[in-house]
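Structural overview for review
Each chain, letter by letter, is given below.
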Amino acid sequence: MNLRDLLALPSILDVKRVIAVQPHPDDNEVNAAGTLMKLSRAGCEVIYVTVTDGRAGGWPSVQNPEEIVRVRTEEKREAGLKIGVAKHIDLGFPDGGDYSGEEVTLRLVEIFRQERPELVFCVDPWMPYEAHPDHIKVGHAVAKAILFSNNAILYPPSADCSASPYQVPQIAWYATSYPNTHVDITNEFEEKLESILAHRSQFDNETWPLVKQYFELSAESAFQLLSPSSKGRAESFKVLSNLELHSIPSTIFS
Ligand SMILES: [Zn+2]
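Residues numbered from 1 in each chain as written. Predicted model: local features only at pLDDT ≥ 70, side-chain atom pairs only at ≥ 80, totals over all residues. Heavy atoms only, no water.

**What to know about the coordination of the zinc ion**
- Only His24 (ND1), Asp27 (OD), Asp27 (OD) and His135 (NE2) from the protein reach the zinc ion as donors, at distances of 2.1 to 2.5 Å.
- Classification of the site at the zinc ion as irregular follows from its four donor atoms and the range of 55 to 143° in their angles at the metal.
- Counting gaps between the donor residues of the zinc ion yields the pattern H-x2-D-x107-H. With aspartate 27 in helix H2 (residues 27-41) and histidine 135 in helix H5 (residues 133-148), the pair connects residues that are 108 residues apart, well separated along the chain. Taken as a pair, aspartate 27 and histidine 135 share a single burial class, namely buried. (Donors = N, O, S within 2.8 Å, 3.2 Å for Na, K, Ca; no water. Tetrahedral: all angles 85-135°; square planar, octahedral: opposite > 155°, others 65-115°. Helix = DSSP H or I, 4+ residues; strand = E, 2+ residues; numbered from the N terminus. Buried < 20%, exposed > 50% of the residue type's maximum accessible area, 1.4 Å probe, protein only.)

**Some thoughts on the pattern of salt bridges**
- Applying the stated rule across the entire model yields 18 salt bridges.
- For lysine 38, the salt bridge goes to glutamate 188, with nearest N and O atoms at 3.3 Å. Here glutamate 188 lies in the loop between strand S6 (181-184) and helix H6 (189-197) and lysine 38 lies in helix H2, a separation of 150 residues in the sequence.
- On the accessibility criterion, lysine 38 (26% relative accessible area) is partly exposed.
- Classification of glutamate 188 as buried rests on a relative accessible area of 10%.
- A salt bridge links glutamate 235 to lysine 192; the nearest nitrogen and oxygen atoms lie 2.7 Å apart. Of this pair, glutamate 235 sits in strand S7 (residues 234-241) while lysine 192 is found in helix H6, placing the two residues 43 residues apart along the sequence.
- Several salt bridges converge on common partners, so that one network encompasses Arg17, Glu45, Lys87 and Glu115. (Salt bridge = Lys/Arg side-chain N within 4 Å of Asp/Glu carboxyl O.)

**Examining the pairing of S7**
- A large share of S7 lies buried, amounting to seven of its eight residues.
- The pairing of strand S5 (residues 170-174) with S7 spans four bridges and is classified as antiparallel. By the bridge assignment for S7, tryptophan 173 is matched with lysine 238. (Pairing = 2+ DSSP bridges.)

**Describing a nonpolar patch on the surface**
- Taken together, the side chains of Leu6, Leu7 and Leu243 define a hydrophobic patch exposed on the protein surface, amounting to about 290 Å² of accessible area.
- By the secondary structure assignment, leucine 7 is in the loop between helix H1 (3-6) and strand S1 (17-22). (Patch = residues over 30% accessible without salt bridge, like charges linked within 9 Å, V, L, I, M, F, W, Y side chains within 5 Å. Areas by Shrake-Rupley, 256 points an atom, 1.4 Å probe, with all protein chains shown as cover.)

**Remarks on the sheet that holds strand S3 (residues 87-93)**
- An order of S3-S2-S1-S4-S5-S7-S6 is seen for the seven strands of this open sheet, with the pairing classed as mixed. Unpaired on one side and paired on the other, S3 and S6 mark the two borders of the sheet. Strand-to-strand twist across the sheet, computed as the mean angle between neighbouring axes with direction ignored, equals 25°.
- Here S6 pairs with S7 via four bridges, running antiparallel. Of the residues in S7, the one forming a bridge with aspartate 184 is alanine 234.
- Where helix H3 (residues 65-83) meets the sheet, its contacts fall on S1, strand S2 (45-52) and S3, and the angle it forms with S3 comes to roughly 150°.
- Contacts between H5 and the sheet are confined to S1, S2, strand S4 (119-123) and S5, with S4 contributing the most and set at about 160° to the helix. (Axes fitted to C-alpha atoms, helices over the stretch in contact; angles between N-to-C directions. Contact = heavy atoms within 4.5 Å.)

Shown next, in the form of structure tokens:
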């Protein structure tokens, strides 16, 4: 029995309000589109928080940062329609920029208190070999916000946010090297690819056939962990209770 069972936390497919925090405008689709589609179609309210503006994701014909941000914001909205996203919250930090993790944590504490999600999705900042500073910084900021959104001493209610402290029960890390939960997305997989391709500026180019093949093989491998004797596609997560984010050495094996 693990800690989540002991706490009787619901399955990640059995919650009614989630926030998916992404460092960049396409991370949620790449890593969790199938699962987020399943949730929205089951009546769950899916809220996106996009931390950076994507300005570093230029392409040969467009290198102007303001134009990149405009295009990527439109693409994100289009992808969100395919997922069934109910609300977008854009924090607007500069992609790859010199913002601090604590600035992100402060904003997230406010959002978690206002929106009161049952589950938060984000990139796993403890994935070995992850080198992108936005992924590491945002993942750590999410973990800290989950740990302290219920702490009114460290993060007192402010004039900007008077919502009362709130404890986020659990987190589903995506892009993780330590998955403990696999979701069957066989029926959603083609739509997942369409939602990724809604980010045309990033994916609709000569590398797409190779990238698509990688997504297919990754999803097939994930499904093998769910059901070794049959074929299908899955997404993998490291799902943890909030308690496992502090001083629990066995969390890595959870
Ligand atoms: Zn990213």
